[in-house]
Amino acid sequence: MSTQDEVAQAYVTAANNLLAVRNSPDSSDAVAEAAEKALNELTIARMDQIVADYAGRTAALNHLVERLNGVTSQITVDAAAAIKSRLAAAITNARDLLLRDAAERIAGGAAQPPSLHAVVADEPALGAAPAPQADKSETPEVPELPVAPARPKLDAAAPVIATRPTLVPENLSQDYEKLFATCAVGPDRIGQVNWHLQKLEAGRQRYQAVGGPLGIPWWFIGIIHGLETGFRFDRHLHNGDPLTARTVHVPKNRPTGNPPFSWEASADDALRWEKLDQWTDWSAAGVLFKWEKYNGFGYRKHHPDVLTPYLWSFTNQYAKGKYVADGQFDPNAISKQCGAAAMLRTLVNSGAVSLA
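Reference entry: report on the structure contained in this document.

Analysis parameters
Residues numbered from 1 in each chain as written. Predicted model: local features only at pLDDT ≥ 70, side-chain atom pairs only at ≥ 80, totals over all residues. Heavy atoms only, no water. Helix = DSSP H or I, 4+ residues; strand = E, 2+ residues; numbered from the N terminus. Buried < 20%, exposed > 50% of the residue type's maximum accessible area, 1.4 Å probe, protein only. Contact = heavy atoms within 4.5 Å. Disulfide = S-S within 2.5 Å. Polar contact = N/O pair within 3.5 Å; in protein donor to acceptor, adjacent residues only side chain to side chain. Axes fitted to C-alpha atoms, helices over the stretch in contact; angles between N-to-C directions. Parallel < 35°, antiparallel > 145°, perpendicular 65-115°, else oblique. Nonpolar A, V, L, I, M, F, W, Y, C, P; charged D, E, K, R; others polar. Pairing = 2+ DSSP bridges. Phe/Tyr/Trp six-rings, centres within 6.5 Å; stacked < 30°, edge-to-face > 60°. Lys NZ or Arg CZ within 6 Å of the ring centre and 35° of its normal.

### Remarks on the overall build of the protein
Along the protein, the regular secondary structure elements total 12 helices and 2 strands. For the protein, the sequential pattern of α-helices and β-strands runs α-α-α-α-α-α-α-α-α-α-α-β-β-α. Going through the 356 residues of the protein one by one, you find that 47% of them count as buried. The long-range fraction of contacts in the protein, counting pairs at least 24 apart against all pairs at least 6 apart in sequence, stands at 64%.

Next comes the structure, spelled out in structure tokens:
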């Protein structure tokens, strides 16, 4: 039996023992409750393993693809155009097949994408990430870690994920698709991204309850919730202000009505305010565009050499540079917030989310 099989068998044995204790008629309420808690913690730990495993493998694969992209970009002779095209197509196809295989191994052949808690891994996870600390300008905060490598320059010949009809402006849609296709979570950030995915799963039902009637995916709302409030349900989804009053930051004086507000009522107002109830493009380009718009296009307008950390922090597409206060940009400051694309990339790689 391989080490991976032994790990999987140990997990199953521990889970079955805890279930037996929880369900035993001889167990007191306190014992059954303790077994239930231990089972939940075991499941979360197992989820960490699978997400870390496949995120790490995909990061290595993306790195290989980027290097091969560099090879294709050096073929500039017209006579080699056909070879270059075939090589680019082969690289893209190989990458897609490997990612699909990873997703199928995670899903275990399930017809529907699994929930994060349903995923089973075959290798130990990296260390658990510490819970972020709230910060007024950017939440959640995470401990300082080594800087991710600078993002590669995009080349017009680089293979990209096949594009679909999109509502995103044409000058942006291909940029988003290329960036997401080559996006990889830094190996030193995987544990922290996993913490965010656990929080997403914990709030999934509430995100679905708000997003379902509006036609908005639960994970799209959940990622905004993490970025704006650090996953706190006592804060406005608009900007992280307390629910005990209307918002005081942009957008100001929301929602209408009298406080205190429920999280659901405030979230519904925030999503309608951004006209997300009218949005139908849930492709990679579509969601990245809407997330960037939610936070603002300040980086794109005033610092085009820096991709917004709201999307790309914790990935190879971002190294440094951020707004440290309203209108105050520091080119050497490094974001300590997990970007939206880092969460989405890991969700997609794990098979938990399938983009339109």
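### Quick look at the state of the cysteines
This model, assessed by the stated rule, comprises 0 disulfides. Of the cysteine sulfurs around Cys 183, a residue in no disulfide, the closest is that of Cys 338, at 10.0 Å. Classification of Cys 338 by relative accessible area gives buried; the value is 1%.

### Section: the side chain of Gln 337
Mapped onto the elements of the fold, Gln 337 is located in the loop between β2 (328–330) and α12 (340–350). The buried category is assigned to Gln 337, whose relative accessible area is 3%. A polar contact is formed between the side chain of Gln 337 and the backbone oxygen of Leu 227, at a distance of 2.9 Å.

### Thoughts on the packing of helix α4 (residues 170–181) against helix α9 (residues 284–295)
Orientation of α4 relative to α9, taken along the N-to-C sense of each, is 105 degrees, at an axis distance of 9 Å. The orientation of α4 relative to α9 falls into the category roughly perpendicular. Along its contact with α4, which presents Leu 172, Ser 173, Tyr 176, Glu 177 and Phe 180, the element α9 presents Ala 284, Ala 285, Leu 288, Phe 289 and Glu 292. Its residues assigned to classes, the contact of α4 with α9 shows 7 nonpolar, 1 polar and 2 charged.

### Quick look at the pairing of strand β1 (residues 322–325)
Each regular strand displays side chains that alternate between the two surfaces of the sheet. Summarising the sheet, β1 and β2 pair through 3 bridges and their orientation is antiparallel. Counterpart to Lys 322 in the pairing with β2 is Asp 330. Joining the antiparallel neighbours β1 and β2 is a turn of 2 residues, in which Gly 327 adopts a positive phi near 75 degrees.

### A word on the packing of aromatic side chains
Applying the stated criterion to the full structure yields 12 aromatic pairs. Judged by centre distance (6.0 Å) and plane angle (70 degrees), the rings of Trp 195 and Phe 231 are edge-to-face. With Trp 195 in helix α5 (residues 190–202) and Phe 231 in the loop between α7 (218–229) and α8 (263–273), this residue pair connects regions lying 36 residues apart in the sequence. A network of ring pairs unites the aromatic residues Trp 219, Phe 220, Trp 282 and Trp 291 as a single cluster. The positively charged end of Lys 290 is found above the aromatic ring belonging to Trp 279, 4.5 Å away from the centroid. Above the ring of Phe 180, the side-chain terminus of Arg 345 is found at 4.3 Å from the ring centroid.

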